[in-house]
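In case you want the letters, here they are:
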Amino acid sequence: MAWDEWNQLKAEAAGASSTRMQLNRVPDEPDGKTLSTNSQGDLKVVNEHLSKIGDHAFGLYNRLWREGRVAETTTDSAASDLSTQGFELGGALSHVSLRWASALADLMDACAHISNHMDYTKNAHAGDEIFIERRMSSIAMLDAGFDERASEPGKPNDLVYGDKEDKGDKKDGE
């Protein structure tokens, strides 16, 4: 590749002002912040929402346990009475009761699964947040330690190491 062609490609790339690749940082936001707050793909988990969903699922599970089984026992009793009196309707009612019990058990299992999953998800995201914060803070600290703009060449970086006076290292008589 000739130098002229290389210079032409560099000029085109600089003039296009596209952000195809960015290294070591997130692009600045319009308000000047460097942390991304756009709504086009940022993961945002609100623990209050997860808790509400889990609480509603748990409440529904409890209501189904209390109220759903009442209909089942009443229906079984009626089916038994009808069958002993010779009515064929008793067998059909017993079949409906079995179907009801199966559907009720499936619904209660689903509610319990949702409630447990919301608790798990809330705890998992809280753990992820702590992990990410620790990683990001250690990267920022490391980055500040190598940032030559933070202090004059040959002198310690005050952003990382701070003043000796702040740390209580000042000796008597100084």
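Residues numbered from 1 in each chain as written. Predicted model: local features only at pLDDT ≥ 70, side-chain atom pairs only at ≥ 80, totals over all residues. Heavy atoms only, no water.

### Overview of the overall build of the chain
Then step 1. Of regular secondary structure, the chain possesses four helices and zero strands.
Then step 2. Reading the chain from its N terminus to its C terminus gives the helix and strand order α-α-α-α.
Then step 3. Each of the 174 residues in the chain was classed as buried or not, and the buried ones make up 10%.
Then step 4. For the chain, the accessible area works out to roughly 14900 Å², and carbon and sulfur atoms hold 55% of it. (Helix = DSSP H or I, 4+ residues; strand = E, 2+ residues; numbered from the N terminus. Buried < 20%, exposed > 50% of the residue type's maximum accessible area, 1.4 Å probe, protein only. Areas by Shrake-Rupley, 256 points an atom, 1.4 Å probe, with all protein chains shown as cover.)

### Some remarks on the packing of aromatic side chains
Then step 1. Inspection of the entire model under this criterion finds zero aromatic pairs.
Then step 2. Positioned over the ring face of Trp65 is Arg69, at 3.8 Å from the centre of the ring. (Phe/Tyr/Trp six-rings, centres within 6.5 Å; stacked < 30°, edge-to-face > 60°. Lys NZ or Arg CZ within 6 Å of the ring centre and 35° of its normal.)

### So, helix H2 (residues 47-84)
Then step 1. In this model, H2 (38 residues) spans 55 Å end to end at C-alpha, consistent with the 56 Å of a helix rising 1.5 Å per residue.
Then step 2. The largest bend in H2 comes to about 30°, at Leu64.
Then step 3. Positive backbone phi, approximately 90°, marks Gly86, located one or two places after H2. (Expected span 1.5 Å × (residues − 1). Bend = angle between axes of the 7 residues up to and from the residue.)

### Notes on the side chain of Ser115
Then step 1. Looking at the secondary structure, you find Ser115 in helix H3 (residues 89-146).
Then step 2. The contact partners of Ser115, leaving out residues within four places of it in the chain, are Gly54, Ala57 and Phe58. (Contact = heavy atoms within 4.5 Å.)

### Remarks on the pattern of salt bridges
Then step 1. Tallying each qualifying case throughout the model produces one salt bridge.
Then step 2. Ionic pairing is found between Arg63 and Glu67, a salt bridge with its closest N-O pair at 3.2 Å. Remark: Glu67 and Arg63 occur in helix H2; sequence separation between them is four residues, near one turn of the helix.
Then step 3. Residue classification places Arg63 among the partly exposed residues on the basis of a relative accessible area of 46%. (Salt bridge = Lys/Arg side-chain N within 4 Å of Asp/Glu carboxyl O.)

### Details of the environment of Trp65
Then step 1. Its location among the elements puts Trp65 in helix H2.
Then step 2. Each C-alpha atom of the pair Trp65 and Ala105 lies 9.2 Å from the other, and the pair is 40 residues apart in sequence.

### A short note on the confidence of the model for the chain
Then step 1. For the chain, mean pLDDT is 75; residues scoring 70 or higher make up 61% of the total.
Then step 2. By mean pLDDT, the top-scoring element of the chain is H2 (86), and the lowest-scoring one is helix H4 (residues 158-161) (65). (pLDDT = per-residue confidence, 0-100.)

### So, the environment of Ile53
Then step 1. Mapped onto the fold, Ile53 is located in helix H2.
Then step 2. The sequence separation of Ile53 and Ser115 amounts to 62 residues, and the corresponding C-alpha distance is 7.3 Å.
Then step 3. Every residue in contact with Ile53, bar those within four places of it in the chain, is listed here: Ile114 and Met118.

### Let's talk about a nonpolar patch on the surface
Then step 1. A grouping of Trp3, Trp6 and Leu9 is seen on the molecular surface, where their side chains present a nonpolar patch of about 370 Å² in accessible area.
Then step 2. Its location among the elements puts Leu9 in helix H1 (residues 3-16). (Patch = residues over 30% accessible without salt bridge, like charges linked within 9 Å, V, L, I, M, F, W, Y side chains within 5 Å.)

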